[in-house]
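Observations on the three-dimensional arrangement
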Amino acid sequence: MAAYGLLCLVVGLRSRARRGAMQSCTQAVDGTTPLLVAHASQTGTAEELAAQTVRALATAGVPATLQSFAQLEPSLLSSLSQALFIVSTYGEGDAPDVAAHFVASMDASLDLSRLHYGLLALGDRRYRSFCGFGRELDTWLQSHGARPLAPRIEVDGGDEASLQRWRHNLSHIAGTADLPDWQGAPFDSWTLRARRHLNPGSLGGAVYHIELASPHPACGWEAGDLLQLEVPADPGRPREYSIASLPTDGVVQLLVRLERHADGSHGLASGWLTQAAPEGAPVRARLRAHSHFRIGHNRGRDLILIGNGTGLAGLRSHLRQRAAQRDGATTRRHWLIFGERQAAHDVYYADELRQWQSDGLLTRLDLVYSRDGHTERYVQDRLRAESDRVRSWLDAGAAIYVCGSLQGMAAEVDAVLQQTLGAGLAELQRQGRYRRDVY
Ligand SMILES: Cc1cc2nc3c(=O)[nH]c(=O)nc-3n(C[C@H](O)[C@H](O)[C@H](O)COP(=O)(O)OP(=O)(O)OC[C@H]3O[C@@H](n4cnc5c(N)ncnc54)[C@H](O)[C@@H]3O)c2cc1C
Ligand SMILES: Cc1cc2nc3c(=O)[nH]c(=O)nc-3n(C[C@H](O)[C@H](O)[C@H](O)COP(=O)(O)O)c2cc1C
């Protein structure tokens, strides 16, 4: 069945590319609508692969359109005859945030019997529910009558062999053997410019301010983006870090916590970056657009920025962006709720935060410490206590940005927002007003 489906799509798309007609496979290919390539991505990998898929198909004469699950209604699928899905898994086997609305609508009864699809599921075998969302989507599609063109391909931590199989299937779909090579952006040799230990004496893990200079002085990124790093001891398994600075700062600044394993050894990437690599050392890195955490159409909105620990990095880039854009006339408000362990040790960029408070950029600053003996220990406690204010900011149009640890912070913040806003939270997410960079 799968081989037949794939054959139908191949033949149909080939013939369309050649403006021919192929009557026998019209149930698989409608011949008029471009092939839908839909992505559900948290940190951009699935989105990048989907864009590469569309580009590769286009060069082979197969028109395709790129769409995020954020804009995808399950009911739309019943009118399609072909689609490719590229989806990652987050949390504990969950769909990425952008697919929340789609997932909530998955219980609707639908007839997808016209649809033939390919599915690339991204995941990591170290998580209990490997490719959880990809598998759930596959089951859901088939239970509604859709037919796979080929078995689902599961990618473990970006493994090249699985991606190669996807490219192979695509070349069948496009009817060509020579799809262009589509490796991601190459890693460049950056330079470790500076490193500063920010929290000596803290009960928590050591946090470092790191500065890296790009080999291309004109290279650009946006507030919210990520830097991906490859460490000498573990090439092929890059680590992501949230960028804390702007291109106008001239360097990428990161906040990196030294990871300690149970046996006392250091994390490979964080150990190398914060301890082993000498200043001036070359660092293999590349910038990654993180479209779901950029400001996007929230440009004119008030911001509620919530985070803990190294999560201040992603929030700081947005605040620096807003500070750079200030023209005195702006009435946009910013509320930072940040959690760490001890006030005496763990306030990063304290001078900058104080400056932003005194010049009015930060309308509110809530610093919450878990080890200083207060009853409100975590950002989620403060958020719960401030639920009326949260509602009133949101009523005035604010967007929420959350950055930092998923376990213990982002999941709890999400639960408090759910209690406070009910169905309003899903609506905020649908509007792109609830964005997360959590790990
Ligand atoms: C979107 C995103 C943004 C992030 N931003 C920051 C940030 O701003 N600051 C910061 O300090 N950290 C950030 N991280 C975490 C960072 O990427 C690393 O996971 C962290 O530094 C630990 O890596 P390590 O090599 O030092 O530890 P490892 O030696 O990797 O060990 C840490 C743990 O992760 C597991 N692990 C090992 N390899 C990997 C891998 N390749 N991928 C996932 N897990 C692995 C191990 O089983 C171990 O339990 C972010 C992660 C993501 C996904
Ligand atoms: C916080 C976090 C949770 C994750 N949870 C899972 C999981 O439950 N199952 C899985 O297979 N992969 C999991 N992953 C791995 C991602 O799915 C994988 O890295 C994927 O390539 C990310 O693609 P994206 O950038 O498009 O979101 C998780 C990754 C992170 C950072």
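For the structure itself, look to the data block above.
A brief look at the structure comes next. Computed from a predicted model, the values in this text were never measured in an experiment.

Let us now look at the overall build of the protein chain. In terms of helices and strands, the protein chain carries 13 helices and 17 strands. For 439 residues, the compact-globule estimate of 2.2 N^0.38 gives 22 Å, and the C-alpha radius of gyration of the protein chain, at 23 Å, lies within 12% of that figure. Reported as C-alpha extents along the three principal axes, the dimensions of the protein chain are approximately 75 × 50 × 45 Å. A burial count over the protein chain gives 53% of its 439 residues as buried. Where the 46 positive side-chain charges of the protein chain centre and where its 47 negative ones centre are 2 Å apart.

Moving on to the sheet that holds strand β16 (residues 399-404). Strand order across the open sheet formed by 5 strands is β15-β14-β13-β16-β17, with parallel pairing between neighbours. The open sheet has two edge strands with one neighbour each: β15 (364-369) and β17 (434-438). Direction aside, neighbouring strands of the sheet carry axes that sit 10° apart on average. Where strand β13 (residues 303-308) and strand β14 (residues 334-340) come together, 6 bridges link them in parallel fashion. Paired with Ile-304 across the two strands is Trp-335, which belongs to β14.

The next thing to look at is the sheet that holds strand β11 (residues 252-257). Within a sheet, each strand pairs with its neighbour through backbone hydrogen bonds, oriented either parallel or antiparallel. With respect to topology, 6 strands assemble into an open sheet ordered β10-β9-β12-β7-β8-β11, the strand pairing being antiparallel. Two strands close off the open sheet at either side, each with one partner strand: β10 (239-242) and β11. Sheet twist, expressed as the average angle between the axes of neighbouring strands with direction ignored, equals 40°. Pairing analysis gives 6 bridges linking strand β7 (residues 188-197) to strand β8 (residues 207-213), with the strands arranged antiparallel. Considered in β8, the bridge of Leu-192 is made with Leu-212.

Rules used in this analysis
- Residues numbered from 1 in each chain as written.
- Chains lettered and ligands numbered in written order.
- Predicted model: local features only at pLDDT ≥ 70, side-chain atom pairs only at ≥ 80, totals over all residues.
- Heavy atoms only, no water.
- Helix = DSSP H or I, 4+ residues; strand = E, 2+ residues; numbered from the N terminus.
- Rg over C-alpha atoms; globule rule 2.2 N^0.38 Å.
- Buried < 20%, exposed > 50% of the residue type's maximum accessible area, 1.4 Å probe, protein only.
- Lys, Arg positive; Asp, Glu negative; His and termini not counted.
- Charge placed at Lys NZ, Arg CZ, Asp CG, Glu CD.
- Pairing = 2+ DSSP bridges.
- Axes fitted to C-alpha atoms, helices over the stretch in contact; angles between N-to-C directions.

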